[in-house]
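Structural overview for review
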Amino acid sequence: SAMQWRWSVPYDPEGLISLFKSKDYFIGELENYMANAKAGPGGWNPGGYYWHGNEPYINAPYLFNAAGRPDLTQKWVRWILENEYSDDYVGLDGNDDGGTLSSWYVFSALGFYPIAGTTRYELGTPLFEKADVQIGDRALTVVAANYSPKNCYVQKVTLNGTPLDRTYITHDEIANGGTLRFEMSPSPAVQ
């Protein structure tokens, strides 16, 4: 639907936000869009709200980062990880075109998501206490300190010991490996 395609601007979230009458209005519209999504994989008639089976706008939950609400990115990414995937015979929404939905899961479970057409990875919320990712002959270690299934909110992030004051990392920053550390909590960070 037009409501779904409205969010398909992964490479210019700031430009997309500027088309709305205010940042708060954008956040409200996106929150409503996500809140009306149907839970559960395999829905072939999902309605007009967020449907994880349509790959062109699966970046939508990460748009909250650009609007200054990473807590909502974290909330909705975790919701998708927990509600839109299953290990039974209908394990995905829609069709896993070229492994896109599977890749979304893997990246999002690691705590970051690549934005098409850029070198940026938007930060989300890691699903595992620790993961090692091979990048060539180097390793990127992702750590979720204070890990618990209930702790889906990120209090702070450091990359190789340096605190990040933004909601993304770049490929150049992780190409040589290192440690990406998330400090987790059951409550959103103070905005």
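Placed above this text is the structure.
Attention in this report is confined to the structure presented alongside it. In this convention, every chain numbers its residues from 1, walking through the sequence in written order. Residue-level local features of this predicted model are given only where pLDDT is at least 70; pairs of side-chain atoms are given and counted only at 80 or more, and the full residue set underlies all totals for whole chains, interfaces and linings. Hydrogens and water molecules were not included; the side-chain quantities draw on all heavy atoms of the structure.

**Looking at the overall build of the chain**
Comment: elements are numbered from the N terminus, with helices defined as DSSP H or I runs of at least four residues and strands as E runs of at least two. For the chain, the helix and strand inventory stands at 7 helices and 8 strands. Using C-alpha atoms as the atom set, the radius of gyration is obtained and then compared with a globule rule of 2.2 Å times the number of residues to the power 0.38. Computed over the C-alpha atoms, the radius of gyration of the chain is 16 Å, within 12% of the 16 Å expected from 2.2 N^0.38 for a compact globule of 191 residues. Along the first, second and third principal axes, the C-alpha atoms of the chain reach 45 × 45 × 35 Å. Out of the 191 residues in the chain, the part that is buried amounts to 47%. For the chain, contacts bridging at least 24 residues in sequence account for 66% of all contacts bridging at least 6. Summing over all exposed atoms, the chain offers an accessible surface of approximately 9300 Å²; the carbon and sulfur share of this is 51%. Categorising residues by exposure relies on relative accessible area from a 1.4 Å probe, with only protein chains included: less than 20% of the type maximum marks a residue as buried, more than 50% marks it as exposed, and the intermediate range marks it as partly exposed. We call two residues in contact when some of their heavy atoms are within 4.5 Å. What sets the accessible areas is the Shrake-Rupley method with a 1.4 Å probe; for residues, cover comes only from the shown protein chains.

**Brief notes about the sheet that holds strand E7 (residues 168-170)**
Pairs of strands are assigned from DSSP output, requiring at least two bridges between the strands. Spatial ordering of the open sheet is given by E1-E2-E7, a layout of 3 strands whose pairing is antiparallel. Two strands close off the open sheet at either side, each with one partner strand: strand E1 (112-114) and E7. Neighbour to neighbour, the strand axes of the sheet diverge by 30 degrees on average, direction disregarded. Of the strand pairs in this sheet, E1 and strand E2 (residues 120-123) are connected by 3 bridges, and their pairing is antiparallel. Counted as the bridge partner of phenylalanine 112 is leucine 123 from E2. Axes here refer to lines fitted to C-alpha atoms; in helices the fit is confined to the stretch in contact. Angles between the N-to-C directions go from 0 to 180 degrees. Seen against the sheet, helix H6 (residues 100-110) touches E1 and E2 and runs at an angle of roughly 140 degrees to E1.

**Observations regarding the environment of serine 102**
Counting through the fold element by element, serine 102 comes out in helix H6. Looking at serine 102, the relative accessible area reads 33%, which means it is partly exposed. For the pair formed by serine 102 and asparagine 65, sequence separation is 37 residues and the distance between their alpha carbons is 22 Å.

**A short note on the packing of aromatic side chains**
Two rings belonging to Phe, Tyr or Trp (six-membered ring only in the last case) form a pair when the distance between their centres is within 6.5 Å. Interplanar angles under 30 degrees mark stacking, angles over 60 mark edge-to-face geometry, and anything in between is tilted. In the structure shown here, the tally under the stated rule is 18 aromatic pairs. With 5.5 Å between their ring centres and 35 degrees between their planes, tryptophan 7 and tyrosine 33 make a pair best called tilted. Note that tryptophan 7 is positioned in the loop between helix H1 (2-5) and helix H2 (13-18) and tyrosine 33 in helix H3 (residues 23-35), a separation of 26 residues in sequence. The exposure class assigned to tyrosine 33 is buried, which follows from its relative accessible area of 1%.

**Regarding the pattern of salt bridges**
For this document, the term salt bridge refers to a Lys or Arg side-chain nitrogen within 4 Å of an Asp or Glu carboxyl oxygen. Applying the stated criterion across every chain, the model contains 6 salt bridges. Residue glutamate 31 pairs with lysine 75 through a salt bridge whose shortest N-O separation is 3.0 Å. Residue glutamate 31 is located in helix H3, and its partner lysine 75 is located in helix H5 (residues 70-83); the two are separated by 44 residues in the primary sequence. Judged by its relative accessible area of 29%, lysine 75 falls in the partly exposed class. The residue glutamate 122 makes a salt bridge to arginine 120 at a minimum N-O spacing of 2.9 Å. Taking the relative accessible area as the measure of exposure, arginine 120 reaches 25% and is therefore partly exposed.

**Notes on the pairing of strand E8 (residues 178-185)**
Looking at chain direction, strand E4 (residues 138-145) and E8 are connected through 6 bridges and run parallel. Bridge assignment links valine 143 to a residue of E8, and that residue is arginine 181. Sheet analysis places strand E5 (residues 153-159) next to E8, joined by 6 bridges and oriented antiparallel. Considered in E8, the bridge of threonine 158 is made with arginine 181.

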